[in-house]
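# Breakdown of the fold
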Amino acid sequence: EYVGVAVESALATTSQDRLKVLAEVNARSTVVSGHNLLVRAESKVLVGMVKMERFFLCLGYRPGPVTDELEEDKHISGFSTESPTEDVGTMAVPELIHSAEVYQLYRGACGKEGDLIAERCRLWVDFPNLRIAIAEYDQPASPRNCISLLDISWCHCEDAAEPDAEEPVYRLDVYSLPSGTCGQQRPAPGQTPRIRVSGSSSSLRDFGLALQKLLKSRDEEGRGRLYFIQKRLFQYLWRSVQLSVSEDRLVEAQAVLAFNLNPKDGIAYVKRKLHKSTEDEIGEWLSQVCTEKGGLDPTMLGDYFSRRDTLPIFWSFVRRIEFSKMDIVGALRQLFDTFKPGGEGQVITRILEHFAESYFQQWQADPSAVEPPTAYKNADTVFQVAVSLIMLNTGLHVAAKKLGNKAKGASMSLEEYIANTRRLVSAEEVPDEALRAWFEDISCTEISVEPMPRTPFSKLPVQPNMEGWLVAVVNNTSLRFWAVLVLQRIYLFSDSQGDVDPADVIDLKDVSVAALEDDEAARKRYLENLPGVRRSWRSLCCRRRARPDPWLVAAARRSLEISQRSSGPPVILQKSNKPARALRRVVLVAESNDLAEKWV
């Protein structure tokens, strides 16, 4: 399936980029389907076909226009273009705009409507509906605030900062003319732009430049190029990373992918392709990927470190994590921000022993730089303190999640924590003031063992299975997220939290997914819970229907329901849905029927 998607993506790109994409497919097929010689053979045959295509193009051969499925192309996603048949007949790969720029336009940029600088809205190109959209932070776009890509007459982006300003200020103006007017035209003097967005982020400037290229492609290559992007948007999203990275990074991406599928095979790939032959080099590479680049599955990495035969690699890994000038609580957070420990208590003990040695060595370099002050004599003291802090964290947070009200007696008080620690650690090495500070720190914020990526997904050396805009319908409200499906999770990014920290994560190992179009029960639940449907105060058996939002009703055709399988406490959207509570199921709305099918 993976290779099939890659091949389809390659054949949808410009001829000069196809060999690069297919070469990457060959590399991945050796990792994902190394046992499947047929898949690898098919991929190599396609490389040969593309080489033949180049040969014929050099001889002067030019393919004829695409003329099939014209009626379908004229009415995609309910968008009627009324464009001439010969215009749609030129539907082909746009040469004036590249995959990365299409991705950038679909992802959009943040800014502020008007002239004041405060990033409170997002502007993006809604390719499924061939329009440019603008909406408040985390909100879906209203049709009233959208402009058809066919109606945009001019786009202008400039640096509007004052001469003495410390930061740049970019302003993007988008103009439109009445429907039916063709081509770009400079705005008349005094004409007001339909959209004006200002912001200090360079992404707004890059968005404006990419939009100008899209309009140029529309006018010079024909509107059929817009329809091509509309139909092939999934492929553009899938390969956005492929054409913008170096060969070395692609090889590293194969290593990350191989490790996430099977750590043993991944390490073998690292040795063979990245030439990391020693345990020290392997540990150094794992540490670098986790702390600087991201992409390794934290659960798989934790399971790998739980094996006894990986202890030398783990020692190389942990001594390269930066703990200098951190107190021990901050260092533990840093450690467990890279992997999720697996196994029993013996595994945690081994991990903490190596952590204690690494932390003590770095602490010794400058003890006075660490607050609160301590006077550790050796790594054993650090180990005892680390164990006591993990036990405190378990009593205050982990046990409370698992046992609920029954866990009240399990959590330690400050006095109990100090007394327990004093049995193993003297006040000369760790004063009471330090213990009080650590107790307060952990009481306020749990030492989490559920690490998140620390870099934007666009920079991770992994290929997402799918990404794009989804609208979550939650408690009579609609929240827009940029969703990334990777490593058996859906990471949901909000405008307010940016591209680094996900607003929420849905683990797919314990859920079922169904398209509302195919699941009558799910569709019925969705429609009954739409805003506007209210229970009558006179009778619990009667329902009084107001008129729900037509957009939400129509969205049922392109929606999917994610339901929790287990009978435990609800866990879906437990971060972004804090004002209410976590959910057992949620409905996510895609921008088109085709994208909804891909998500499912």
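What this report covers is the structure whose coordinates are included nearby.

### Quick notes on the pattern of salt bridges
Scanning all chains against the criterion turns up 18 salt bridges. With a closest N to O distance of 2.6 Å, K213 and E101 form a salt bridge. Here K213, found in helix α7 (residues 202-220), pairs with E101, found in helix α6 (residues 99-107); they are 112 residues apart in sequence, far enough to count as distant. Classification of K213 as partly exposed rests on a relative accessible area of 35%. With a closest N to O distance of 3.3 Å, D206 and R205 form a salt bridge. Given the relative accessible area of 32%, R205 is considered partly exposed. A cluster of three or more residues bridged by salt bridges with shared partners is formed by D280, E284, R319 and R320.

### Some words on the sheet that holds strand β4 (residues 121-126)
Here seven strands make up an open sheet; going across it, the order is β6-β5-β4-β3-β9-β8-β7 and the pairing antiparallel. At either margin of the open sheet sits one strand with a lone partner, and together these are β6 (147-148) and β7 (152-159). Inspection of the sheet shows strand β5 (residues 131-136) paired to β6 by two bridges, in the antiparallel sense. Opposite R131, over in β6, you have S148 as the bridge partner. Where α6 meets the sheet, its contacts fall on β3 (109-113) and β4, and the angle it forms with β4 comes to roughly 130 degrees. On top of the sheet, α7 reaches β3, β4, β5, β7, β8 (170-176) and β9 (195-199); it is set at about 150 degrees to β7, its chief contact.

### Considerations on the packing of helix α13 (residues 298-305) against helix α14 (residues 311-318)
Orientation of α13 relative to α14, taken along the N-to-C sense of each, is 125 degrees, at an axis distance of 9 Å. Compared by their axis directions, α13 and α14 come out oblique. Between α13 and α14, the contacting residues are L301, Y304 and F305 on the first element and I313, F314 and F317 on the second. Considered class by class, the residues forming the contact of α13 with α14 number six nonpolar, no polar and no charged.

### Some details on the pairing of strand β11 (residues 477-486)
Of all ten residues making up β11, eight are buried, and the element is well covered by its neighbours. The pairing of strand β10 (residues 466-474) with β11 spans nine bridges and is classified as antiparallel. Bridging from a neighbouring strand, W469 pairs with W482 of β11.

### Regarding the side chain of R218
Considering the arrangement of structural elements, one finds R218 in helix α7. On the basis of relative accessibility, which here comes to 5%, the residue R218 falls in the buried class. Within the structure, the side chain of R218 is placed 2.6 Å from the backbone oxygen of L149, a separation counted as a polar contact. At 2.9 Å, the side chain of R218 and the side chain of D219 are in polar contact.

### Some remarks on the pairing of β3
Pairing between β3 and β4: three bridges, direction antiparallel. Its bridge partner lying in β4, C110 is registered against R122. Where β3 and β9 come together, two bridges link them in antiparallel fashion. Opposite K112, over in β9, you have S198 as the bridge partner.

### As for the packing of helix α12 (residues 279-293) against α14
How two helices pack is summed up by the angle between their axes together with the distance between the axes. At a closest axis distance of 7 Å, the pairing of α12 and α14 adopts a crossing angle of 50 degrees. As judged from the angle between their axes, α12 and α14 are oblique. Crossing angle aside, the handedness with which α12 passes α14 is right-handed. Contacts between α12 and α14 involve E279, D280, I282, G283, E284, L286, S287 and C290 from the first element and P312, I313, S316 and F317 from the second.

### Describing unusual backbone geometry
Backbone phi values are negative for most residues with the exception of glycine, while trans is the configuration of most peptide bonds. Residue E371 is joined to P372 through a cis peptide bond whose omega torsion reads -5 degrees. Mapped onto the elements, P372 comes out in the loop between α16 (345-365) and α17 (379-403). In this structure, D138 is a non-glycine residue whose phi angle is positive, near 65 degrees. Tracing the backbone through its elements, the reader meets D138 in the loop between β5 and β6. With a relative accessible area of 16%, D138 lands in the buried category. Of note in the backbone geometry, H275 takes a positive phi value of approximately 60 degrees without being a glycine. Tracing the sequence through the fold places H275 in the loop between α11 (263-273) and α12. Residue classification places H275 among the exposed positions, given a relative accessible area of 61%.

Calculation rules
Residues numbered from 1 in each chain as written. Predicted model: local features only at pLDDT ≥ 70, side-chain atom pairs only at ≥ 80, totals over all residues. Heavy atoms only, no water. Salt bridge = Lys/Arg side-chain N within 4 Å of Asp/Glu carboxyl O. Helix = DSSP H or I, 4+ residues; strand = E, 2+ residues; numbered from the N terminus. Buried < 20%, exposed > 50% of the residue type's maximum accessible area, 1.4 Å probe, protein only. Pairing = 2+ DSSP bridges. Contact = heavy atoms within 4.5 Å. Axes fitted to C-alpha atoms, helices over the stretch in contact; angles between N-to-C directions. Parallel < 35°, antiparallel > 145°, perpendicular 65-115°, else oblique. Nonpolar A, V, L, I, M, F, W, Y, C, P; charged D, E, K, R; others polar. Polar contact = N/O pair within 3.5 Å; in protein donor to acceptor, adjacent residues only side chain to side chain. Left-handed = near helix turned anticlockwise from the far one by under 90°.

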